[in-house]
Number of protein chains: 2
Amino acid sequence: MKVAILGYGTVGSAVVKALIENEKIIKARCGQNIIPVIALARSVKKNSLIPVTQNADEILNRKDIDVFVELMGGVKEPFAIIKQLLKKKKNVVTANKAMLAYHRYELEKLASNLAFGYEASVAGAIPIIKVLKEGLSANHILNIKGILNGTSNYILTHMSQKGSDFKEVLKRAQELGYAEADPSFDIEGFDAAHKLLILASIAYGIRAVPEDILIEGISGISNEDVYFANEFGFTIKLLGVAKAQDSKVELRVHPTMLSKNEMIAKVDGVMNAVSIRGDMLGESLYYGAGAGGLATASAVISDLLDIARGQLKTPMFGFKSDMKYSLLPIEDIYTKYYLRLKVEDKIGVLSKITQMMSENSISIDSFLQKPKADETYSTLFFTTHHTFEKSIKNLIHTLKKQKFIKTSPFMMRIE
Amino acid sequence: MKVAILGYGTVGSAVVKALIENEKIIKARCGQNIIPVIALARSVKKNSLIPVTQNADEILNRKDIDVFVELMGGVKEPFAIIKQLLKKKKNVVTANKAMLAYHRYELEKLASNLAFGYEASVAGAIPIIKVLKEGLSANHILNIKGILNGTSNYILTHMSQKGSDFKEVLKRAQELGYAEADPSFDIEGFDAAHKLLILASIAYGIRAVPEDILIEGISGISNEDVYFANEFGFTIKLLGVAKAQDSKVELRVHPTMLSKNEMIAKVDGVMNAVSIRGDMLGESLYYGAGAGGLATASAVISDLLDIARGQLKTPMFGFKSDMKYSLLPIEDIYTKYYLRLKVEDKIGVLSKITQMMSENSISIDSFLQKPKADETYSTLFFTTHHTFEKSIKNLIHTLKKQKFIKTSPFMMRIE
Ligand SMILES: NC(=O)c1ccc[n+]([C@@H]2O[C@H](COP(=O)([O-])OP(=O)(O)OC[C@H]3O[C@@H](n4cnc5c(N)ncnc54)[C@H](OP(=O)(O)O)[C@@H]3O)[C@@H](O)[C@H]2O)c1
Ligand SMILES: NC(=O)c1ccc[n+]([C@@H]2O[C@H](COP(=O)([O-])OP(=O)(O)OC[C@H]3O[C@@H](n4cnc5c(N)ncnc54)[C@H](OP(=O)(O)O)[C@@H]3O)[C@@H](O)[C@H]2O)c1
């Protein structure tokens with residue numbers, strides 16, 4: 001089986017290296033050689049393991065290639081290339097979650113009867129696409145909770161274990177190569193959202209794009225939130241959450257307070273994990289490296305092996321017909337909340353706040369007032385019982401207008 | 001697709017129930033109905049959801065059945081039936097790990113070009129067969145560590161968290177239905193060994209049977225071992241371990257001291273988990289329910305769905321050709337050990353013991369002497385650096401003959 005590698009960067013070069021180094025086991029597994037014959041890049045590559053060209057057409061027009069592996073990144077350009085390949089009835093493998101978050105259904109349509117692998121697009125080395133599409137296929141998926149971004153998890157772990165400040169840890173993560181120079185994609189939740197949307201297509205057939213769903217990042221989290229979490233038996237994780245209730249599915253990405261006892265709360269550092277609950281299987285969890293050249297190549301090559309074995313022919317998301325789920329509007333999300341307020345230390349303030357809460361039908365589950373940071377302001381921490389997103393948003397809107405509020409209220413959801 | 005259910009007990013009846021109740025999603029997933037048409041049992045079943053017969057031949061000779069699902073248990077009888085079915089070119093699904101531990105290679109031979117599913121035979125609802133055979137297929141598997149028996153993990157968890165005695169917890173587990181009236185199969189490591197052997201066939205193509213490998217259970221573990229583990233940052237788990245080094249593979253099942261920080265050490269209660277390390281992916285872990293009717297049915301039906309999608313045609317263990325691994329002899333296992341000795345409290349005893357250790361080339365990593373239990377005897381705890389199984393066995397053999405040893409030395413391996 002001849003393979004072309006479109007993009008010879010971190011993942012592309014690791015795929016080529018592994019196809020060569022693990023040649024024997026790969027052949028033992030599928031009965032044939034999987035041979036990377038040519039790669040594409042923008043720049044000239046010296047000492048590459050296979051020929052690398054800068055001329056896309058030179059590769060795309062080759063008739064002898066069985067599978068094209070897209071590892072360029074970006075959205076528009078790879079989408080255009082893959083469309084063109086699928087129209088020519090070529091098999092495709094990609095790790096490109098950003099593109100899939102927007103264009104997966106157009107690709108699904110074009111890919112009918114072709115192999116289209118995207119195992120590497122979610123949670124790196126963890127074969128979560130296969131698990132969800134095939135392994136758990138008898139189940140109604142009740143919910144998915146994923147730590148889908150290693151950079152954010154690294155930062156949150158260090159904030160929690162070392163009491164360090166968000167900015168400080170981010171800088172350290174950048175120095176260690178765990179975070180990009182422009183980290184907003186990772187820490188603002190977009191990367192996790194792309195992956196969540198892909199999982200939601202397999203679990204529910206939901207056609208949403210990032211703009212349709214709630215996405216919040218971790219940059220607003222302070223040491224005080226970490227302090228509260230530790231005191232009250234919580235851990236803070238950036239989660240991608242998908243939940244089904246009747247025919248509605250809620251999709252959201254945000255920092256989440258989780259009980260320390262949950263398995264997913266125990267996942268530290270750059271590691272990824274996805275917890276999936278099904279009506280038959282109960283709880284399950286899948287844990288592993290979410291990124292890195294070789295780890296991601298493990299997933300890319302598993303797709304190639306499936307193709308070599310003639311096994312990657314299910315419909316792209318494992319649905320032959322629709323299950324008719326639709327997206328729950330954001331304001332109808334119903335969960336528990338955490339609120340941190342910095343308020344003037346004056347008589348009557350607390351009673352005003354609790355009155356506003358009850359006016360929004362929000363009831364308090366726990367309350368903590370921290371020893372004063374300075375002379376005139378206090379920090380108040382609340383957790384609430386279940387309430388609607390619109391109620392909490394309305395409360396925050398009202399609070400913001402109050403004179404006794406020092407800085408904008410900070411809110412987190414609790415699972 | 002018409003299915004016959006051979007065995008209408010815990011799992012068989014759950015499979016039938018789920019095929020009926022989740023009919024819609026199953027059809028959406030594979031494009032056809034999967035219909036359980038008849039079941040086999042020894043006794044008459046009233047109010048069953050489908051016809052149940054006591055006449056095996058009535059089912060086995062039916063020409064309209066596409067897949068036969070064996071959920072009877074036992075070894076000889078199901079093996080005879082499945083052989084017969086495969087010879088008739090019938091597709092088979094089974095959850096029977098005991099039978100596979102002994103006869104899987106005979107079945108593999110007969111099953112060529114047929115579908116043979118056994119996802120439910122290891123770790124219940126966790127799709128670990130698929131993960132290892134397909135998801136991680138690009139990797140050389142460096143090691144596998146599995147909590148493969150929920151009963152044992154339940155007992156160990158309670159001993160550790162509540163300080164309770166082995167016998168006490170076992171009784172409680174039996175009352176709760178987590179342990180059988182005759183629990184030896186679970187607590188002596190045989191059930192875990194069956195599952196480990198199946199995983200070892202997928203990872204390494206090893207043809208071992210239970211008698212070939214090291215199997216030890218948890219019944220010798222005392223509160224003192226739990227005390228030591230807690231003090232020194234360990235957790236005790238019954239693990240199935242497979243490890244490759246060059247062309248040798250070691251397979252063993254035994255209670256293991258593990259660092260509390262490892263993900264698999266955090267798996268509590270009746271849950272199962274399998275940690276797999278690959279040369280490309282690094283560490284990964286898969287966690288979920290290891291038993292229970294519906295959870296096991298989730299795995300059985302995923303096999304049926306794979307068959308309906310025409311996807312279960314790889315060779316049974318995912319190897320088209322041999323990788324030429326062979327089993328490491330037990331005495332050549334090289335790891336760290338924990339030793340608990342009850343000795344006479346006399347001058348010179350410790351120096352004799354340490355001398356015997358050095359005569360066996362065993363060096364001490366940590367040592368603890370517990371405050372005396374009674375006037376004349378002391379409990380000594382040792383952990384060692386890496387050494388060979390034959391050395392530790394030899395040491396124990398020598399120790400047993402000493403007059404100053406009160407009860408037989410207790411040994412556990414450390415990972
Ligand atoms: N890195 C990870 O750990 C990871 C994990 C999961 C998924 N992914 C996904 O995998 C994909 C690749 O990631 P990466 O980290 O390997 O990226 P990368 O290191 O930046 O490599 C991208 C490669 O594609 C080439 N390329 C980009 N645009 C091109 C164009 N228009 N024409 C020709 N060549 C082009 C680049 O050429 P030059 O070398 O000349 O710049 C480079 O060789 C992305 O979709 C990413 O989201 C990555
Ligand atoms: N239970 C679990 O959680 C679990 C998990 C993973 C794997 N498994 C495996 O799944 C299999 C079934 O387990 P199970 O718990 O469902 O067992 P079970 O409750 O004891 O059911 C066994 C069924 O098979 C029938 N049967 C047994 N021998 C038979 C024979 N010779 N002829 C006709 N019928 C026969 C029994 O008939 P009667 O009803 O008349 O006795 C019963 O209906 C076993 O291989 C087990 O290891 C079980």
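Residues numbered from 1 in each chain as written. Chains lettered and ligands numbered in written order. Predicted model: local features only at pLDDT ≥ 70, side-chain atom pairs only at ≥ 80, totals over all residues. Heavy atoms only, no water.

Topic: the overall build of chain A
Consideration 1: From N to C terminus, chain A includes 14 helices and 18 strands.
Consideration 2: Its C-alpha atoms give chain A a radius of gyration of 24 Å, within 12% of the compact-globule value 22 Å for 415 residues.
Consideration 3: Counting only C-alpha atoms and orienting by the principal axes, one finds that chain A spans roughly 80 × 45 × 35 Å.
Consideration 4: As displayed, chain A offers around 16300 Å² of accessible surface, 49% of which is attributable to carbon and sulfur atoms.
Consideration 5: Across chain A, the centroid of the 53 positively charged side chains sits 4 Å from that of the 45 negatively charged ones. (Helix = DSSP H or I, 4+ residues; strand = E, 2+ residues; numbered from the N terminus. Rg over C-alpha atoms; globule rule 2.2 N^0.38 Å. Areas by Shrake-Rupley, 256 points an atom, 1.4 Å probe, with all protein chains shown as cover. Lys, Arg positive; Asp, Glu negative; His and termini not counted. Charge placed at Lys NZ, Arg CZ, Asp CG, Glu CD.)

Considering the interface of chain B and chain A
Consideration 1: On the chain A side, the residues contacting the 55 residues of chain B number 54 residues.
Consideration 2: Counting the surface lost from both chain B and chain A, the interface buries some 4800 Å², and carbon and sulfur atoms represent 57% of this.
Consideration 3: Taken together, chain B and chain A are joined by two salt bridges.
Consideration 4: Of the charged contacts in the structure, one is a salt bridge between Lys-130 of chain A and Glu-134 of chain B, with a shortest N-O distance of 2.7 Å.
Consideration 5: The tally of links between chain B and chain A comes to 27 residue pairs in polar contact (both at pLDDT 80 or more).
Consideration 6: Elements supplying a minimum of two residues to the side of chain B that touches chain A: helix H2 (23–30), helix H6 (128–135), helix H10 (190–204), strand S12 (282–289) and helix H12 (293–308) of chain B.
Consideration 7: Split into classes, the residues belonging to the side of chain B that touches chain A amount to 29 nonpolar, 14 polar and twelve charged.
Consideration 8: Relative to S12 of chain B, strand S12 (residues 282–289) of chain A is paired through five bridges, and the arrangement is antiparallel. Note on S12 of chain B: the bridge partner recorded for Leu-285 of chain A is Tyr-287 of chain B. (Contact = heavy atoms within 4.5 Å. Buried area = accessible area lost by both parts, 1.4 Å probe. Salt bridge = Lys/Arg side-chain N within 4 Å of Asp/Glu carboxyl O. Polar contact = N/O pair within 3.5 Å; in protein donor to acceptor, adjacent residues only side chain to side chain. Nonpolar A, V, L, I, M, F, W, Y, C, P; charged D, E, K, R; others polar. Pairing = 2+ DSSP bridges.)

Some thoughts on the packing of aromatic side chains
Consideration 1: Scanning the entire structure with this criterion turns up 25 aromatic pairs over all chains.
Consideration 2: Taken together, a centroid distance of 5.0 Å and an interplanar angle of 45 degrees make the contact between Phe-228 of chain B and Tyr-338 of chain B tilted. One end of the pair, Phe-228 of chain B, is in helix H11 (residues 223–231); the other, Tyr-338 of chain B, is in strand S14 (residues 334–344), with 110 residues separating them in the sequence.
Consideration 3: Among the residues examined, Phe-228 of chain B registers a relative accessible area of 0% and is labelled buried.
Consideration 4: Considering the side-chain rings of Phe-228 of chain B and Phe-381 of chain B, the 5.4 Å spacing of their centres and the 20 degrees angle between planes classify their relative orientation as stacked. With Phe-228 of chain B in helix H11 and Phe-381 of chain B in strand S16 (residues 377–384), this residue pair connects regions lying 153 residues apart in the sequence. Comparing Phe-228 of chain B with Phe-381 of chain B shows no difference in burial state: the two are buried.
Consideration 5: Each residue in the set Tyr-105, Phe-116, Tyr-118 and Phe-317 of chain A is aromatic and connected to the rest through ring pairs, giving one cluster.
Consideration 6: Cation over ring: Lys-406 of chain B sits above Tyr-377 of chain B, and NZ or CZ is 4.6 Å from the ring centre. (Phe/Tyr/Trp six-rings, centres within 6.5 Å; stacked < 30°, edge-to-face > 60°. Buried < 20%, exposed > 50% of the residue type's maximum accessible area, 1.4 Å probe, protein only. Lys NZ or Arg CZ within 6 Å of the ring centre and 35° of its normal.)

Details of the environment of Ala-203 of chain B
Consideration 1: When you line up the elements, Ala-203 of chain B lands in helix H10.
Consideration 2: What Ala-203 of chain B contacts, discounting residues up to four positions off in sequence, is Arg-29 of chain A together with Leu-132, Ile-141, Ile-144 and Phe-319 of chain B.

Focus: unusual backbone geometry
Consideration 1: The backbone phi angle of Asn-47 of chain B is positive, close to 55 degrees, even though this residue is not glycine.
Consideration 2: As for its placement among the helices and strands, Asn-47 of chain B is situated in the loop between strand S2 (35–40) and strand S3 (52–53).

Observations regarding the sheet that holds S3 of chain B
All names here are of chain B.
Consideration 1: Across the sheet, six strands lie side by side as S3-S2-S1-S4-S5-S6; this open sheet has parallel pairing. This sheet does not close on itself; its edge strands, each paired only once, are S3 and strand S6 (116–117).
Consideration 2: With four bridges connecting them, strand S4 (residues 67–70) and strand S5 (residues 91–94) associate as parallel partners. Paired with Val-67 across the bridge in S5 is Asn-91.
Consideration 3: Where H12 meets the sheet, it contacts strand S1 (2–6), S4, S5 and S6, and its direction lies at approximately 160 degrees from that of S5. (Axes fitted to C-alpha atoms, helices over the stretch in contact; angles between N-to-C directions.)

A word on the sheet that holds strand S1 (residues 2–6) of chain A
Consideration 1: With parallel pairing, six strands are arranged side by side in an open sheet as S3-S2-S1-S4-S5-S6 (chain A). With one partner strand each, in any of the chains shown, strand S3 (52–53) and strand S6 (116–117) of chain A form the two edges of the open sheet.

Details of the domain arrangement of chain A
Quite often, the size of an interface is put as the accessible area lost when its parts meet.
Residues and elements named next belong to chain A.
Consideration 1: For chain A, the assigned domains read domain 1 (2–127 + 295–309), domain 2 (131–289) and domain 3 (331–414).
Consideration 2: Look at where the C-alpha atoms of domain 1 and domain 2 centre, and you get two points 27 Å apart.
Consideration 3: On the side of domain 2, 24 residues touch domain 1, which itself brings 17 residues to the contact.
Consideration 4: In total, about 1600 Å² of surface goes out of reach between domain 1 and domain 2, with carbon and sulfur atoms giving 63% of it.
Consideration 5: Applying the counting rule to domain 1 against domain 2 returns one salt bridge.
Consideration 6: Linking Lys-97 and Asp-191 is a salt bridge whose minimum nitrogen-to-oxygen distance equals 3.7 Å.
Consideration 7: On inspection of domain 1 and its partner domain 2, the count reaches ten residue pairs in polar contact (both at pLDDT 80 or more).
Consideration 8: When residues in the side of domain 1 that touches domain 2 are grouped by element, the largest group, eight residues, is from helix H5 (residues 97–110).
Consideration 9: Looking at side-chain class alone, the side of domain 1 that touches domain 2 contains twelve nonpolar, two polar and three charged residues. (Domains from an automatic or database assignment.)

A look at the site of ligand 1
All names here are of chain A.
Consideration 1: Around ligand 1, 21 residues are found, and the nearest of them are Thr-10, Val-11, Ser-43, Lys-45 and Gly-292.
Consideration 2: Take Gly-9: an N or O atom from its main chain is 3.1 Å from an oxygen atom of ligand 1.
Consideration 3: Between ligand 1 and the protein, one listed contact pairs an oxygen atom with a backbone N or O atom of Ser-43 at 2.6 Å.
Consideration 4: Contact with the protein chains removes 78% of the 900 Å² of surface that ligand 1 exposes when unbound.
Consideration 5: Per-class residue counts for the shell around ligand 1 are nine nonpolar, eight polar and four charged. (Near = heavy atom within 4 Å.)

Considering the relation of the copies chain B and chain A
Consideration 1: Each copy superposes on the other: chain B lies on chain A with an RMSD of 0.1 Å after a rotation of 180 degrees and an axial shift of 0.0 Å. Interpreted geometrically, this transformation is the action of a two-fold axis. Among all C-alpha atoms of chain B, that of Tyr-286 of chain B lies closest to the rotation axis, at 2.4 Å.
Consideration 2: Interface overlap between copies: 98% of the residues of chain B at the interface are likewise at the interface in chain A, consistent with a symmetric, same-surface contact. (Least-squares fit on C-alpha atoms with pLDDT ≥ 70 in both.)

Comments concerning the UniProt feature "binding site: NADP(+)" (unreviewed entry) in chain A
All names here are of chain A.
Consideration 1: Mapped onto this numbering, the UniProt entry gives "binding site: NADP(+)" (unreviewed entry) at Leu-6, Gly-7, Tyr-8, Gly-9, Thr-10, Val-11, Gly-12 and Ser-13.
Consideration 2: Locating Gly-7 in the fold gives a position in the loop between S1 and helix H1 (10–21).
Consideration 3: For Gly-7, a relative accessible area of 8% gives the class buried.
Consideration 4: Residues contacting Gly-7, with those up to four places away along its chain left out, are Gly-12, Leu-40, Leu-71 and Met-72.
Consideration 5: On the accessibility criterion, Gly-9 (36% relative accessible area) is partly exposed. (UniProt positions renumbered as here; feature names shortened; annotations may be inferred.)

Points about H2 of chain B
Consideration 1: Among the residues making up H2 of chain B, those that are buried are Ile-25, Ile-26, Ala-28, Arg-29 and Cys-30 of chain B.
Consideration 2: The elements touched by buried residues of H2 of chain B are helix H10 (190–204) of chain A together with helix H1 (10–21) and H12 of chain B.
Consideration 3: Of the residues trailing H2 of chain B, Gly-31 of chain B is marked for its positive phi of about 80 degrees.

Brief notes about the UniProt feature "binding site: NADPH" (unreviewed entry) in chain A
All names here are of chain A.
Consideration 1: UniProt's entry tags Lys-97 with the feature "binding site: NADPH" (unreviewed entry), counted in the numbering of this structure.
Consideration 2: Turning to its location among the elements, Lys-97 is positioned in helix H5.
Consideration 3: By relative accessible area, which is 27% here, Lys-97 ends up partly exposed.
Consideration 4: Leave out the neighbours within four places in its chain, and Lys-97 touches Ser-121, Asp-191, His-194, Lys-195 and Ile-198.

A short note on the pattern of salt bridges
Any two side chains of opposite charge can pair, given that their charged atoms come close.
Consideration 1: Under the counting rule described, the total for this entry stands at 44 salt bridges over all chains.
Consideration 2: In this structure, Lys-145 of chain A engages Glu-415 of chain A in a salt bridge whose closest nitrogen and oxygen atoms are separated by 3.8 Å. Highlighted residues: Lys-145 of chain A in strand S7 (residues 141–147) and Glu-415 of chain A in the segment after strand S18 (405–414), separated in sequence by 270 residues.
Consideration 3: Classification of Lys-145 of chain A as buried rests on a relative accessible area of 11%.
Consideration 4: By relative accessible area, which is 17% here, Glu-415 of chain A ends up buried.
Consideration 5: Overlapping salt bridges bring together Lys-130, Glu-134, Asp-306 and Arg-309 of chain A together with Lys-130, Glu-134, Asp-306 and Arg-309 of chain B as one network.

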